[in-house]
Amino acid sequence: MAICMNCGKKTGMRNPEYYLDSDMTQVLCGECYKKLEHFQIKSDENDIQKFDETFKLIQMEMEEHQFNDETKTAMMRFLQKRRARIERNILEEKKKYVDLSDMNTHMLTTGYNFEGYEISGYVGVISGQSALGSGALSGLSASANNFLGTESSYFGNRLIEAKESAMRELIVSSLMKGGNAIIGIDFDYITIEGLITVIANGTSVKIKKK
Ligand SMILES: [Zn+2]
């Protein structure tokens, strides 16, 4: 039994609960859940456009039924996480069709041009991400004293792996858009749900020999 974060009613046998977070602290009761018709539709897990349409409709339904702000925020977070998962599924699926030899010839730079080449087209801003995993964090906090010793090399290796994986995603995304090189590459490090995540950013371009 729990309390609905939107209407304050108790959940139970006749009013089942729906969780909007993995900690199971944000609860929506069955009655409120029923008001969100589009939330109940399991949209195509591989169609981001369809998902975004459903996303908007759920927002409208929440407005229409005057859901409180806390619930609206929780719902947005819930849907954004689901959206990110769909995006990742799509990327994983696409990776299967990418020619790995193209990946190895993809030209990369942190700068904005390549010696002997000219940029014939800008494809778009792209990013790739990879989480270090919770193991990296627990290994780190478990023994701060060891941080400069073995822990640090463990952490360092995980970081390199994560950076490489983020780079691979970046290249795949560039290839899928039709680019053959990436300029302006840089890395961000952020924490998502307690996991250190490496994000590689860049601009996918088309280059040709001068
Ligand atoms: Zn409710």
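Residues numbered from 1 in each chain as written. Predicted model: local features only at pLDDT ≥ 70, side-chain atom pairs only at ≥ 80, totals over all residues.

Asker: Which parts of the structure should I look at to understand the overall build of the protein?
Answerer: The helix and strand inventory of the protein stands at seven helices and six strands. Shown N-terminal to C-terminal, the secondary structure of the protein runs as helices and strands in the order β-β-α-α-α-α-α-β-β-α-α-β-β. Scored against the burial criterion, the 210 residues of the protein give a buried share of 20%. Restricting to contacts in the protein with at least 6 residues of sequence separation, those with at least 24 account for 65%. (Helix = DSSP H or I, 4+ residues; strand = E, 2+ residues; numbered from the N terminus. Buried ≥ 20, exposed ≤ 12 C-beta atoms within 10 Å, placed from the backbone. Contact = placed C-beta atoms within 7 Å.)

Asker: Help me out: how do you make sense of helix H3 (residues 48-64) in this one?
Answerer: Note: α-helices contain 3.6 residues per turn, so residues at a spacing of three or four share the same orientation. An ideal rise of 1.5 Å per residue puts 24 Å on 17 residues; H3 measures up with 24 Å between its terminal C-alpha atoms. Count one or two residues on from H3 and you reach Gln66, which has phi positive near 50 degrees. (Expected span 1.5 Å × (residues − 1).)

Asker: Got a minute to help me understand the confidence of the model for the protein in this structure?
Answerer: One rule of thumb: low pLDDT means the predicted coordinates there are not for detailed reading. On average, residues of the protein score 83 in pLDDT, and 86% of them are at 70 or above. Taken together, the stretch residues 134-149 has pLDDT below 50 and engages in 16 contacts with residues farther than four places along the chain or on a different chain. (pLDDT = per-residue confidence, 0-100.)

Asker: Quick question: what am I supposed to make of the packing of H3 against helix H4 (residues 69-95) here?
Answerer: The N-to-C vectors of H3 and H4 enclose an angle of 175 degrees; their axes lie 11 Å apart at closest approach. Classed by the angle they form, the pair H3 and H4 counts as roughly antiparallel. Of the residues in H4, those in contact with Ile48, Phe51, Phe55, Ile58 and Met62 of H3 are Lys72, Met75, Leu79, Arg83, Ile86, Glu87 and Ile90. (Axes fitted to C-alpha atoms, helices over the stretch in contact; angles between N-to-C directions. Parallel < 35°, antiparallel > 145°, perpendicular 65-115°, else oblique.)

Asker: Looking at this structure, how should I read the environment of Phe78?
Answerer: For Phe78, the location among the structural elements is in helix H4. Residue classification places Phe78 among the partly exposed residues on the basis of 19 C-beta atoms within 10 Å. Separated by 59 residues in the primary sequence, Phe78 and Tyr19 place their C-alpha atoms 9.3 Å from one another. Ignoring any residue separated from it by four or fewer positions in sequence, one finds Phe78 in contact with Leu20 and Asp21.

Asker: Explain unusual backbone geometry here, please?
Answerer: The phi torsion of most residues other than glycine is negative, and most of the peptide bonds are trans. Positive phi, normally seen in glycine, also occurs at Met24, with a value near 60 degrees. Structurally, Met24 can be placed in the loop between strand E1 (17-19) and strand E2 (27-29). Looking at Met24, the number of C-beta atoms within 10 Å reads 10, which means it is exposed. Look at Gln66: it is not a glycine, yet its phi comes out positive at around 50 degrees. Take Gln66: it is sitting in the loop between H3 and H4. Gln66 sits in the exposed class, given 8 other C-beta atoms within 10 Å.

Asker: Can you help me understand the environment of Arg88 in this one?
Answerer: The topology assignment puts Arg88 in helix H4. In this structure Arg88 comes out as exposed when scored by C-beta crowding, with 12 C-beta atoms within 10 Å. Placed 41 residues apart in sequence, Arg88 and Gln129 show a C-alpha to C-alpha distance of 9.6 Å.

Asker: What am I meant to see in the nonpolar core here?
Answerer: Nonpolar side chains in soluble globular proteins tend to be buried together. Formed by 16 residues in total, the largest nonpolar core has its most connected members in Ala166, Met167, Leu170, Ile171, Ile182 and Ala200. Those elements that place two or more of their residues in this core are helix H7 (150-177), strand E5 (181-192) and strand E6 (195-209). Considering each element in turn, this core owes the most residues, seven residues, to H7. Each residue touching Met167, except ones within four places of it in the same chain, is listed here: Gly128 and Ala200. (Core = buried A, V, L, I, M, F, W, Y, C linked by C-beta atoms within 7 Å.)

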